[in-house]
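Residues per chain are reported as follows:
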Amino acid sequence: MIVLNQIIIMALLITAGVICYKCGIIGKEATQSLSSLVLMVVNPIVILVSYQQPFEKRMLKGLLWSLLLALISTVISIVISKVFIRKKSGRLAVERFSCIYSNCAFMGIPLVSALYGSEGVFYLTAFVTVFNLFVWTHGVFLMEEKLNKKLIIQAVKTPAVIATFLGFALFMLKISLPDILLKTLTYLENLNTPLAMLAAGATIAQTNIFKALKNPRLYYICILKLILVPAAACAVFCFLPLDDVVIGTNILASACPAAATGTLFAIRYKKDSLYAAELFAVTTILSIVTLPLIMNITQKIL
């Protein structure tokens, strides 16, 4: 019910974003600016604040396990995309990218925060770190079919990864930020959900969603992304002797809809960006049903 309630709230916020775009309050440039603000500023702050907890060996152990589960989850999604998405077309890269990479920061952070609190966000940082490292290496290779050292350096230098390393260092050294600075960052942290969902809504409003919903191929990709990938992760993770929060956080992150980054990458590498936006829109809408379902099954197994 917590996940369902949070999904409904996020759906209403997305609807507000759609209305704002349709009314001309948020334009295309503003949508990109909102997305950049969330990804480059707000998300890293959320990650940094999540590390402001008393040092516990249990938490450190959970973080390391979360890192391993994130790696396993990403490998599982890559394998599934290669096995089930074989149709040779100009959309192959976009479809595989959307199947592999989830909106673990945009939607994952507010959902995990609502379900598991700051401890869940703490573990989610491992998934976000793995996401950033893979998306700027494997993801670029998928789109461009080539890779170089500069991209690997770029992956490490993303704000989310930097915030993770900085937050981890503060956590290990038992350093607490000054109260006035922490309160300031907390105010910015609270912007994450509304800004992310407004940006998502404005992005969805730019697609022909009714036309997209008539495309059967989209539903095939949605089944892979929203059901098969998290189900495979659940089958592997739920029987490990680990903390429920660690397992639940990683399954939820893998069950999130296609990453908004897919649309940005499609534009950057001259792929079908409209199709990428449609995949983002449809998976986001359908996740209103699939996410509570996946998490309900996960909780029952755990």
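Details of the structure are given in the entry above.
Predicted model only: the values in this text are computed from it and were never measured.

Draft legend 1. Up close: the packing of helix H3 (residues 57-84) against helix H8 (residues 159-172). Running from amino to carboxyl end, H3 crosses H8 at an angle of 155°, the nearest separation of the two axes being 11 Å. Taken together, H3 and H8 sit at an angle that is classed as roughly antiparallel. Here the hand of the crossing between H3 and H8 comes out left-handed. Here Met59, Leu60 and Leu63 of H3 lie close against H8, whose contacting residues are Phe168, Phe171 and Met172.

Draft legend 2. Broad picture of the pattern of salt bridges. The full count for this structure, using the stated rule, is five salt bridges. Glutamate 56 serves as the salt-bridge partner of arginine 58, at 3.5 Å between the closest nitrogen and oxygen. Here aspartate 179 makes a salt bridge to lysine 183, at a shortest N to O gap of 3.6 Å. A residue pair is termed a helical-turn pair when its members lie 3 or 4 positions apart in one helix, as aspartate 179 and lysine 183 do in helix H9 (residues 179-189) at four residues.

Draft legend 3. Representation of the nonpolar core in the model. The biggest cluster of nonpolar side chains holds 95 residues, and the ones touching the most others in it are Ile251 and Phe265. Looking at this core, the element that brings in the most residues is helix H5 (residues 108-135), giving 14 residues. With sequence-adjacent residues up to four places away left out, phenylalanine 265 is seen in contact with Phe97, Val135, Trp136, Gly139, Val140 and Met143. Core analysis: the next-biggest nonpolar cluster, separate from the first, contains six residues, Leu48, Leu170, Leu177 and Leu185 among them.

Draft legend 4. Just the state of the cysteines, in detail. The final tally for this structure, using the stated rule, is zero disulfides. Take cysteine 234: it sits in no disulfide, and the sulfur closest to it among the cysteines is that of cysteine 238, at 3.3 Å.

Draft legend 5. Here's a closer look at H5. Its 28 residues give H5 an end-to-end C-alpha distance of only 16 Å, which falls more than 12% under 40 Å, the value for a rise of 1.5 Å per residue. Tyrosine 116 marks where H5 bends most, by close to 135°. The buried count for H5 comes to 21 of 28 residues, which makes it a mostly enclosed element.

Draft legend 6. Structural view of unusual backbone geometry. Although it is not a glycine, lysine 174 sits at a positive phi angle of roughly 60°. By secondary structure assignment, the location of lysine 174 is in the loop between H8 and H9.

Draft legend 7. Structural detail: the packing of aromatic side chains. In the structure shown here, the tally under the stated rule is seven aromatic pairs. An aromatic cluster is present here, built from Tyr51, Phe55, Phe122, Tyr123 and Phe171 joined pairwise through their rings. Sitting over the face of the ring of tyrosine 275, arginine 91 holds its NZ or CZ atom 4.1 Å from the ring centroid.

Draft legend 8. Molecular detail of a nonpolar patch on the surface. Together, Val75, Val79, Val83, Phe84 and Tyr220 make up a nonpolar patch on the protein surface, roughly 400 Å² of accessible area in all. Along the chain, the position of valine 83 falls in helix H3. According to the relative accessible area criterion, valine 83 is partly exposed, its value standing at 41%.

Draft legend 9. Molecular detail of helix H10 (residues 192-205). In this model H10 runs 20 Å from its N-terminal to its C-terminal C-alpha over 14 residues, within 8% of the 20 Å that 1.5 Å per residue would give. Here H10 lies mainly inside the structure; 12 of its 14 residues are buried. Residues of H10 that are buried: Asn192, Thr193, Leu195, Ala196, Met197, Ala199, Ala200, Gly201, Ala202, Thr203, Ile204 and Ala205. At its buried positions, H10 is contacted by helix H1 (2-22), helix H2 (28-50), H5, H9 and helix H15 (273-301).

The rules behind each value
Residues numbered from 1 in each chain as written. Predicted model: local features only at pLDDT ≥ 70, side-chain atom pairs only at ≥ 80, totals over all residues. Heavy atoms only, no water. Axes fitted to C-alpha atoms, helices over the stretch in contact; angles between N-to-C directions. Helix = DSSP H or I, 4+ residues; strand = E, 2+ residues; numbered from the N terminus. Parallel < 35°, antiparallel > 145°, perpendicular 65-115°, else oblique. Left-handed = near helix turned anticlockwise from the far one by under 90°. Contact = heavy atoms within 4.5 Å. Salt bridge = Lys/Arg side-chain N within 4 Å of Asp/Glu carboxyl O. Core = buried A, V, L, I, M, F, W, Y, C linked by side-chain atoms within 4.5 Å. Buried < 20%, exposed > 50% of the residue type's maximum accessible area, 1.4 Å probe, protein only. Disulfide = S-S within 2.5 Å. Expected span 1.5 Å × (residues − 1). Bend = angle between axes of the 7 residues up to and from the residue. Phe/Tyr/Trp six-rings, centres within 6.5 Å; stacked < 30°, edge-to-face > 60°. Lys NZ or Arg CZ within 6 Å of the ring centre and 35° of its normal. Patch = residues over 30% accessible without salt bridge, like charges linked within 9 Å, V, L, I, M, F, W, Y side chains within 5 Å. Areas by Shrake-Rupley, 256 points an atom, 1.4 Å probe, with all protein chains shown as cover.

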